[in-house]
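# Structure at a glance
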Amino acid sequence: MSTHDTLSGKQTTPTPTTPDPLATTAPHCERIDLHCHTTASDGLYAPAELARMAHAAGLDLIALTDHDSTEGLAEAQATGAPLGLTVIPGIEINTSLAETRGDAHVLGYFIDPADAGLQANLNQLRAARERRGERMVERLRAAGLNVTWERVRELAPGAIGRPHVARALIETGYATSVSDAFDRYLNWGGVGFVPRYRIYPHDAIRMIRAAHGVPTLAHPAHTYDLEERVLPTLVQQGLMGLECYYGPYDEATVNWLLGLANRFGLIPTGGSDYHGPNIHPTPLGGRYVPPATVDRLWAASRATRATPAEPFTLPQPRL
Ligand code: AMP
Ligand code: ZN
Ligand code: FE
Ligand code: FE
């Protein structure tokens with residue numbers, strides 16, 4: 001497996017293109033996956049490889065939703081275009097819920113990767129990821145585990161995350177799988193745990209809207225107080241979508257979430273959250289997403305581009 005098709009060679013990387021929803025209508029597509037990761041964040045495959053794999057899996061449209069990075073986009077689009085694969089720009093921003101200390105991940109579709117304000121915010125999030133990664137390694141070493149920052153950095157050509165630290169722990173024999181490493185060391189309460197730069201869902205929503213994107217709540221089923229508190233608040237703050245068709249969700253869960261999306265006027269999105277083998281259970285393209293979702297995202301994106309966006313800068317981290 002080649003892991004670095006690209007991310008290092010920036011000068012040869014073509015400029016990412018947003019399929020312009022103002023100029024075009026949604027392409028005809030039937031096999032869709034709106035949630036996947038590459039080596040631009042914590043996925044195992046380079047963007048070009050992922051695009052080839054998506055095509056081989058019979059997909060005709062994917063959204064790249066790397067954590068805090070749009071760096072994989074241009075390469076995936078360049079590889080996908082001649083294969084007839086449309087790659088739409090996405091992002092995933094991991095945030096915290098103030099009251100419950102739980103996580104809320106916010107996806108953004110059709111963000112404009114050329115937006116300078118967006119890139120400044122993403123740089124800040126990635127810089128905080130670096131500091132957090134270093135501190136995690138320090139904590140693990142202080143507990144007697146022989147993992148090195150150099151190796152973790154090598155495993156993370158893009159935005160670093162806990163899965164990279166997990167892979168270093170597996171290599172050195174301290175864990176048997178990514179989820180084993182999370183359970184033993186990296187979850188809250190583990191010796192390697194360091195809290196992330198704390199931002200809230202409304203920060204991610206504003207950041208995505210400022211870059212003309214469509215903010216969507218990812219894998220929402222286990223979010224505490226989703227119906228009564230979280231959704232009413234986030235919808236008021238500008239949320240536009242809900243990830244109803246998420247990889248492992250069963251039919252009852254999907255139907256429950258579709259009901260909520262309907263009630264709150266949210267676009268029901270979905271996808272596999274593919275990162276590579278043995279990370280999340282669903283294969284690339286392994287979750288049905290209806291073509292109407294893409295039409296609705298396209299239309300929502302067209303609407304947001306037709307109105308001026310309010311600029312937004314993330315608060316400085318208090319690390
Ligand atoms: P971070 O953003 O660095 O806090 O890492 C969180 C990411 O790690 C999530 O977005 C998931 O993709 C992944 N992750 C979290 N928990 C697990 C787990 N138990 N097993 C595998 N991957 C996980
Ligand atoms: Zn991830
Ligand atoms: Fe997520
Ligand atoms: Fe994800």
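In case you missed it, the structure is sitting above this.
All of these numbers come straight from a predicted model, not from anything done at the bench.

## Examining the coordination of the iron ion (ligand 4)
- Protein coordination of the iron ion (ligand 4) is provided by His35 (NE2), His37 (NE2), Glu92 (OE) and Asp273 (OD), with donor distances spanning 2.1 to 2.2 Å.
- Given four donor atoms and angles of 76 to 165° at the metal, the environment of the iron ion (ligand 4) is assigned as irregular.
- Expressed as a motif, the donor residue spacing for the iron ion (ligand 4) is H-x1-H-x54-E-x180-D.
- Between the two metals, the iron ion (ligand 4) and the zinc ion (ligand 2), the spacing is 4.5 Å. In this pair, His37 is assigned in the loop between β1 (32-36) and α1 (47-56) and Asp273 in the loop between β7 (267-271) and α10 (291-306), connecting sequence segments 236 residues apart.

## As for the environment of Leu266
- Along the polypeptide, Leu266 turns up in the loop between α9 (251-264) and β7.
- On a C-alpha basis, the gap between Leu266 and Met240 in space is 5.1 Å, while along the polypeptide they are 26 residues apart.
- In this structure Leu266 touches Leu231, Val235, Leu239, Met240, Gly241, Leu242, Ala261 and Arg296, once residues within four positions along its chain are discounted.

## Description of empty space enclosed by the protein
- Applying the stated rule across the entire model yields two cavities of 30 Å³ or more.
- The space that makes up the largest cavity amounts to roughly 110 Å³.
- Along the walls of the largest cavity sit Asp68, Asn94, Leu125, Ala128, Arg129, Arg132, Arg196, Tyr197 and Ile199, which together make up its complete lining.
- Sorting elements by how many residues they give to the lining of the largest cavity places helix α3 (residues 116-142) first, with four residues.

## Examining the nonpolar core
- If you look at the biggest cluster of nonpolar residues, it comprises 38 residues, and the most contacted ones within it are Ile93, Leu125, Met207, Leu217, Leu231, Leu242 and Leu257.
- Put simply, the parts of the chain that give this core at least two residues each are β3 (86-96), β4 (103-109), α3, α7 (201-210), α8 (226-236), β6 (241-246) and α9.
- Once you skip the residues sitting within four places of it in the chain, Leu257 turns out to touch Pro220, Ala221, Leu226, Leu242, Glu243, Cys244 and Tyr249.
- Counting residues in each nonpolar core, the second largest holds 22 residues, with Leu145, Trp149, Val152 and Leu186 among its members.

Reading the values: the criteria
Each chain has its residues counted from 1, running along the sequence as written. All chains are assigned letters beginning with A, and all ligands numbers beginning with 1, in the order in which they are written. Two thresholds apply to this predicted model, a pLDDT of at least 70 for residue-level local features and 80 or more for giving and counting side-chain atom pairs, whereas whole-chain, interface and lining totals are computed over all residues. Side-chain metrics rest on all non-hydrogen atoms present in the structure, leaving aside hydrogens and water. Coordinating donors are taken as N, O and S atoms within 2.8 Å of the metal, stretched to 3.2 Å for Na, K and Ca; because water is absent from the atoms, sites can appear incomplete. Geometry is assigned from the angles between donors: four donors with all angles from 85 to 135 degrees make a tetrahedral site, four or six donors whose opposite pairs exceed 155 degrees while the rest stay between 65 and 115 make square planar or octahedral sites respectively, and everything else is labelled irregular. Under the scheme used here, helices are H or I runs from DSSP no shorter than 4 residues and strands are E runs no shorter than 2 residues, and both carry numbers assigned from the N terminus. Contact between two residues is taken to exist if any of their heavy atoms lie within 4.5 Å; hydrogens are not considered. Buried and open spaces are told apart on a 1 Å grid over the protein atoms alone, a cavity being a set of points where a 1.4 Å probe fits but cannot get out and a pocket being an open set with protein on both sides within 12 Å along at least five of seven lines. Residues with an atom within 4 Å of a point are the lining residues. Grid points are joined across faces, edges and corners, and a volume is the space filled by probe spheres set on the points. By nonpolar core we mean a set of buried residues, namely Ala, Val, Leu, Ile, Met, Phe, Trp, Tyr and Cys, connected to one another through side-chain atoms within 4.5 Å. Exposure classes here rest on a 1.4 Å probe applied to the protein chains alone. A residue is buried below 20% of its type maximum, exposed above 50%, and partly exposed in between.

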